[in-house]
Amino acid sequence: MSSRQGASGSGVAGIDPRRPKYPISATRIPDGKGYKFTAENVTLLLQAAIKDVSPKA
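Residues numbered from 1 in each chain as written. Predicted model: local features only at pLDDT ≥ 70, side-chain atom pairs only at ≥ 80, totals over all residues. Heavy atoms only, no water.

Student: Teacher, can you tell me more about the overall build of the protein here?
Tutor: For the protein, the helix and strand inventory stands at 1 helix and 4 strands. For the protein, the α and β elements follow one another from N to C terminus as β-β-β-β-α. Every one of the 57 residues in the protein was classed for burial, and the buried ones make up 14%. For the protein, the accessible surface area stands at approximately 4,700 Å², while carbon and sulfur atoms represent 59% of it. (Helix = DSSP H or I, 4+ residues; strand = E, 2+ residues; numbered from the N terminus. Buried < 20%, exposed > 50% of the residue type's maximum accessible area, 1.4 Å probe, protein only. Areas by Shrake-Rupley, 256 points an atom, 1.4 Å probe, with all protein chains shown as cover.)

The following block contains the structure:
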């Protein structure tokens, strides 16, 4: 899974259920910088991304 925000993209690097607070790791593609996210944050970001690409009725 990858996401494009502006000119830089990021992708999910892994899911670690043993990290209860920040189980999702992501990597910024241009420079490889790593980030950790909560499951709730990822859910909100994906919902916002779906709204951005949905056709306008």
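Student: Help me out: how do you make sense of the pattern of salt bridges in this one?
Tutor: Two side chains of opposite charge can pair, provided their charged atoms sit close to one another. Applying the stated criterion to the full structure yields 2 salt bridges. Here R18 makes a salt bridge to D16, at a shortest N to O gap of 3.3 Å. Assessed through its relative accessible area of 21%, D16 is described here as partly exposed. A salt bridge links D31 to R28; the shortest N-O distance between them is 2.8 Å. (Salt bridge = Lys/Arg side-chain N within 4 Å of Asp/Glu carboxyl O.)

Student: Whenever I open this one, the pairing of strand β4 (residues 34-37) confuses me. Can you help?
Tutor: Consecutive side chains of a regular strand alternate in pointing toward one face of the sheet and then the other. The sheet contact formed by strand β3 (residues 24-28) and β4 spans 4 bridges and is antiparallel. Bridging from a neighbouring strand, S25 pairs with K36 of β4. The antiparallel pairing of β3 with β4 creates a hairpin that spans 5 residues between the two strands, and G32 there sits at a positive phi of about 75 degrees. (Pairing = 2+ DSSP bridges.)

Student: I would appreciate a short explanation of the environment of P30 in the present structure.
Tutor: Considering the arrangement of structural elements, one finds P30 in the loop between β3 and β4. When the C-alpha positions of P30 and G9 are compared, they lie 7.2 Å apart, and in sequence the two are 21 residues distant.

Student: Can you help me understand the side chain of T38 in this one?
Tutor: If you trace the backbone, T38 turns up in the loop between β4 and α1 (39-53). For T38, a relative accessible area of 15% corresponds to the buried category.

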